[in-house]
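# Observations on the model geometry
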Amino acid sequence: MARGRNGLRVFCFLGREEKKRKKLTTEGTEGPQSSQRRVTQEHSHEWLCYGRKEGEMLFATELVGASAYDSQEHFVGRVREFFVEPAEQPNRISHFLISRGRFQPLVARYDQVSKVAPGRIDLNVSERALDAYKPNEGWLAVQKDLLDQQIIDTKGRKVVRVNDVDLSEMRTNEHVELRIAQVDVGLPGAFRRLLQGIAPSAMVRKLQGKLPQRSIRWEFVNLIEPDPLRRVKLRITHEKLEDLHPADLAEMMEELSAAERQGIIASLDEETAAKVLAELDERLTTQIVERMDPEKAADILEEMAPDAAADLLADLPKETSDELLEEMPNLEAEEVRELLSYDSATAGGMMNTEFAYVSEASSREEVLGWLRKQEFNLEQLDTIVLVDAHAQFSGTVPMARMLLAAPEQLMSELKTEPLVSITPDASEKDVFELFDKYNLRMLTVIDEEKRPIGTVTVDDVVSRLVNA
Amino acid sequence: MNLTTINNLIDRLRGRTLTFFSKGNQWRRRIALFLAVVGPGIITSNVDNDAGGIATYTQAGSAYGYAMLWSLVPMTIALYVTMEMCSRMGVITGKGLSDLIREEFGFRSTFFVMITGFLVDLGNVVAEFAGVAAAAQIFGLSKYIAVPMAAVAVWVLVLKGTYRQVEVVFLVACVFYLSYLFSALLSHPDWMLAARMTVIPSIHVDTGYLITLTALVGTTIAPWQFFYLQASFVEKKVGPRQYPQARMDVLLGSISCMVIVFFIIICTAATLHASGLTNISDAGEAAKALIPLAGKWAALTFAFGLLNASLFAATILPLSTAHVICEGMGFEAGIDHKFREAPAFYWLYTILIVVGAGIVMIPNVPLWKIFIFSQVGNGVWLPIVVIFILLLVNRKDLMGEHTNTLLFNVVAWVTAIFMILLTFVLVGQGIYQWAHGVG
């Protein structure tokens, strides 16, 4: 991120956005997640599988409480939980928790298991070779974190809950690996959960075969999962979330619980988080920021446009906003403080202090060359502000006019008439009227010395009018 | 007036009140903050005074006069304590009660909660439509016209309205409960005696008295209300920052609910009990008996109160049930969604209303059997739900610093155990009635 004079700030959005667009076009047909914005209502459930799967499946429900025997056929204990280590292998059951009543629980690694059947697990090592159980943040617990949890579709709507987890066996020479194949969201899973331990397992298996299947393939499950503190983090790649447009992501988040929202924001990079926060409902934004670690919140605020950051801070309690401003780098904080000093219903409260300004004596070619090097945020380049030799505001040039002009033409010859500007203390109503009267796309805000200090763009006006 | 116009009106009104309040001083701002949250608590506790409730209060008032008024104070506390825990869970976790039961206690418990919930609530819905029929009779309207009309009205309201619109309608229904205040005023009660009896407990050891007392508690604290309360705080997106306002909403609700009960009991005590009519078991009957005693207007306001209460509860009970099942299964739920966005939710709502209203329409149907069934069902359901609530609300991993304090836990557990004992009595009595065929 580079920084110009007078609070000119530059992001490197351009390269990123191009990359993303490319990704969308190449991956568009692969799965519903990557093309969710084009999925219509009729197709939004296409990741659901109906009908019987070939080969026998093992079910998590059948393995809970299974007796574990070691290589000498000694009873070790009962299986209470399974863990997946998403960082290692996203679908392999990596550890089995074996409880032994009042003794310390043990953990069997996937390569220590030789045979798995409903109700029984055989190990290929002796009991002494097993490790004692220690909770691990990076592990995903199948029972606790997956069973019974809510599944939402790409539009953020609740669809169903996980009834059971279907596992497939992978045999190698010495051990058996269990892989999560799909999550059961249909009647068979519900039936099993209801009757397991009450009716004989064989009978349950026989009867459930008659029920219609409904399940979701594991590849399509993008887990939003709470950790012990009830914050939520995404265990599996959250690329899919970041592919969403910030406005869509914001809309989806509004449907989620507070803890889940917090988790999503925490999992996003600061730049995306800033964009999402700018799109979210005010009430939620303040809620999220207040619950966040101040340092992280300050990092996100830094990425936001100063006017959006100022709007957000204005809604927070005084102590919180002061604390956050302390955490931010001085220059940014100063900018935001300055904006905060304006009443939100004035031009000063609406303006953005990031804008491009050039000398009116420079030629079109010089300006374009300079702009290319700066990597501006594209929205900011709609209109260029001109200053004269005394650094006073002298006009604006729309980008379209610059495009059509000859290379050596001077900026002063390109500026639009009449010269419209406004002072920061003017009311928002005055701003609206100017926009309406002159059909403006951008309005320059100037201080007492006629120096440009910010711009109000048409999108600020539209969102004010919509929310009014 | 179509829905858009109503919507605009609500918007304008809210906007105006909120700007008026938020521009002012500290107090005005506080009121504005409160107004943004108010609703679920007041609505839920007032729905407790449904057709079955009014029948029970009438019975209490006509049979024992002012002698049961003292029980309203401990009942207010019990109502507040139990509802406050649910509102806190909703606000802190952002999840419904059924959501939490499924996530923390697994499928089997949830399945039990869902099945009992559905059957018991269906019984309750029948009772509400029977209340509509009884009130309509007093206004001289046949139940074959009134009940279908009521069913269509409540169905359209929830299907077409947004959460906010429906909430406004509910809040207006809460205001209509004041008709009991007029019934009470028109029946000229002995206010001094009523006040004294509210403060000083008078306990009679007599089977009938104890059974009526049990019924009073049983009808006031019903399991479905916890699910509805928590779900509406979640649907309203009330967050932890607004918890103080939510608590105030619940407190106001519990008190206003009991104030209405107070008026119903003194109204019937001053008229029916005073003139020796101590054997009234039905709210419609009570309204009719009021005509010669307190005049036509007292009877009409009483009947209007019954109609309002029944309609109100006939909307909320199916909503609560739909929430229980949809949250448990993970289906989309909520009034703000359209039919096609939350089909399971709206289908459940529709089925409950159609079946509930349909049963009332069957000529000569033995309604008392259904009432006893739902009463016993409530009794079986309540202890389980209350224990789930107490276990959940004390979970540090869910509630963080918002678990119960020791004092609150003591009060809550004592309330729970007391309620559980009372409902056992109620269940036993219901089974006895069923076996002996007395209505």
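Thresholds applied
- Residues numbered from 1 in each chain as written.
- Chains lettered and ligands numbered in written order.
- Predicted model: local features only at pLDDT ≥ 70, side-chain atom pairs only at ≥ 80, totals over all residues.
- Helix = DSSP H or I, 4+ residues; strand = E, 2+ residues; numbered from the N terminus.
- Buried ≥ 20, exposed ≤ 12 C-beta atoms within 10 Å, placed from the backbone.
- Contact = placed C-beta atoms within 7 Å.
- Pairing = 2+ DSSP bridges.
- pLDDT = per-residue confidence, 0-100.
- Core = buried A, V, L, I, M, F, W, Y, C linked by C-beta atoms within 7 Å.
- Axes fitted to C-alpha atoms, helices over the stretch in contact; angles between N-to-C directions.
- Nonpolar A, V, L, I, M, F, W, Y, C, P; charged D, E, K, R; others polar.
- Parallel < 35°, antiparallel > 145°, perpendicular 65-115°, else oblique.
- Left-handed = near helix turned anticlockwise from the far one by under 90°.

Each helix and strand counted, chain A has 20 helices and 25 strands in total. When the 468 residues of chain A are sorted by exposure, 37% land in the buried category. For chain A, the proportion of contacts with a sequence separation of at least 24, taken over those separated by at least 6, is 62%.

Tallying secondary structure elements over chain B gives 19 helices and zero strands in all. Here chain B holds 439 residues, and 53% of them are scored as buried. Considering only intrachain contacts with a sequence separation of at least 6, the fraction spanning at least 24 residues in chain B is 83%.

Residues and elements named next belong to chain A. Strand β7 (residues 93–100) sits mainly inside the fold: six of its eight residues count as buried. In terms of strand pairing, strand β6 (residues 75–84) meets β7 through six bridges, oriented antiparallel. Note on β7: the bridge partner recorded for phenylalanine 83 is histidine 95. For β7 and strand β8 (residues 103–109), the ladder comprises five bridges, and the chain directions are antiparallel. If you follow arginine 100 over to β8, its bridge partner there is phenylalanine 103.

Our next topic: the confidence of the model for chain A. Residue and element names in this part refer to chain A. Mean pLDDT over chain A works out to 74, with 79% of the residues at or above the 70 mark. Across chain A, the secondary-structure element scoring lowest on mean pLDDT is strand β2 (residues 9–10), at 23, and the one scoring highest is strand β24 (residues 442–446), at 91. Long-range and interchain partners of residues 1–55, a stretch whose pLDDT sits below 50, account for 51 contacts in this model, where long-range means more than four residues apart. Note that pLDDT drops below 50 for residues 225–239; the model gives that stretch 38 contacts with residues more than four away or on any other chain.

Inside soluble globular proteins, nonpolar side chains tend to come together where they are buried. Residues and elements named next belong to chain B. Phe129, Val132 and Leu306 are the most contacted members of the largest nonpolar core, which totals 181 residues. The element contributing the most residues to this core is helix α15 (residues 296–329), with 19 residues. Among all residues touching phenylalanine 129, those that are not within four sequence positions of it are Val147, Ala150, Ala314, Gly356, Ala357 and Val360.

Moving on, we get to the sheet that holds strand β25 (residues 452–457) of chain A. All names here are of chain A. Strand order across the open sheet formed by three strands is β23-β24-β25, with mixed pairing between neighbours. A strand with exactly one partner marks an edge of an open sheet, and here the two such strands are β23 (421–422) and β25. In this structure, β24 lies alongside β25, joined through five bridges in antiparallel fashion. Counted as the bridge partner of leucine 443 is valine 456 from β25. The strands that helix α20 (residues 458–467) touches are β24 and β25; relative to β25, the one it contacts most, it runs at about 55°.

What follows concerns the interface of chain A and chain B. Between chain A and chain B, the residue contacts involve 19 residues of the former and 20 residues of the latter. Considering each element in turn, the side of chain A that touches chain B owes the most residues, four residues, to strand β14 (residues 158–161) of chain A. Here the residues of the side of chain A that touches chain B sort into eight nonpolar, five polar and six charged.

Within the span of helix α11 (residues 294–303) of chain A, buried status applies to A:Ala297, A:Ala298, A:Ile300, A:Leu301, A:Glu302 and A:Glu303. Elements in contact with the buried residues of α11(A): α9 (270–279), α10 (282–291), α12 (306–315), α13 (318–327) and α14 (330–340) of chain A.

All names here are of chain A. Between the antiparallel neighbours β7 and β8 lie two residues, among them glycine 101 with a positive phi of about 60°. In terms of strand pairing, β8 meets strand β11 (residues 131–132) through two bridges, oriented antiparallel. In the strand pairing of β11, valine 107 is matched with aspartate 131.

Our next topic: the sheet that holds strand β20 (residues 357–359) of chain A. Residues and elements named next belong to chain A. Sheet architecture is open: three strands sit in the order β20-β21-β22, paired in mixed fashion. Strands at the two margins of the open sheet, each flanked by one partner only, are β20 and β22 (393–398). Taken pair by pair, the neighbouring strands of this sheet meet at an average axis angle of 35°, ignoring direction. Summarising the sheet, strand β21 (residues 383–387) and β22 pair through five bridges and their orientation is antiparallel. Note on β22: the bridge partner recorded for valine 385 is threonine 396.

Below, the discussion takes up unusual backbone geometry. Residues and elements named next belong to chain A. In this model, glutamate 73 sits at a positive phi of 65°, which is unusual for a non-glycine residue. Position of glutamate 73 among the secondary structure elements: in the loop between β5 (67–69) and β6. Residue glutamate 73 is classed as exposed on the basis of its C-beta count, with 7 C-beta atoms lying within 10 Å. With phi around 50°, asparagine 439 is a residue other than glycine that occupies positive phi space. Inspection of the secondary structure puts asparagine 439 in the loop between α19 (428–438) and β24.

This part takes up the packing of helix α3 (residues 40–47) of chain B against helix α13 (residues 243–273) of chain B. Residue and element names in this part refer to chain B. As a packed pair, α3 and α13 sit with axes 7 Å apart at the nearest point and diverge in direction by 25°. Looking at the two axes, α3 sits roughly parallel to α13. Crossing handedness for the pair α3 and α13: right-handed. Contacts between α3 and α13 pair Pro40, Gly41, Ile42, Thr44, Ser45 and Asn46 from the former with Ala246, Asp249, Val250, Leu252, Gly253, Ser254, Ser256 and Cys257 from the latter. A breakdown of the residues in the contact of α3 with α13 according to their chemical character gives six nonpolar, seven polar and one charged.

All names here are of chain B. Orientation of α15 relative to helix α16 (residues 343–361), taken along the N-to-C sense of each, is 140°, at an axis distance of 9 Å. Viewed along their axes, α15 and α16 adopt a mutual orientation that is oblique. Regarding α15 and α16, the two cross each other, and that crossing is right-handed. The residues of α16 that touch α15, namely those facing Pro318, Leu319, Thr321, Ala322, Ile325 and Cys326, are Ala344, Phe345, Leu348, Tyr349, Leu352 and Ile353. Residue composition of the contact of α15 with α16, grouped by class: 11 nonpolar, one polar and no charged.

Okay, the environment of A:Glu169 next. Residue and element names in this part refer to chain A. Structurally, the position occupied by glutamate 169 is in strand β15 (residues 164–171). On the basis of neighbour counts, which here come to 16 C-beta atoms within 10 Å, the residue glutamate 169 falls in the partly exposed class. Separated by 10 residues in the primary sequence, glutamate 169 and arginine 179 place their C-alpha atoms 6.4 Å from one another. In this structure glutamate 169 touches Leu58, Val116, Val176 and Leu178, once residues within four positions along its chain are discounted.

Residue and element names in this part refer to chain B. Within the secondary structure, alanine 333 sits in the loop between α15 and α16. The sequence separation of alanine 333 and glutamate 235 amounts to 98 residues, and the corresponding C-alpha distance is 8.9 Å. Leave out the neighbours within four places in its chain, and alanine 333 touches Ala322, His323, Cys326, Glu327, Ala342 and Phe345.

Residues and elements named next belong to chain B. Here isoleucine 389 lies in helix α17 (residues 367–393). Remark: the alpha-carbon pair of isoleucine 389 and leucine 100, spanning 289 residues in sequence, is separated by 9.3 Å. Those residues within four positions of isoleucine 389 in sequence are excluded, and the remaining contacts are Met85, Cys86 and Phe226.

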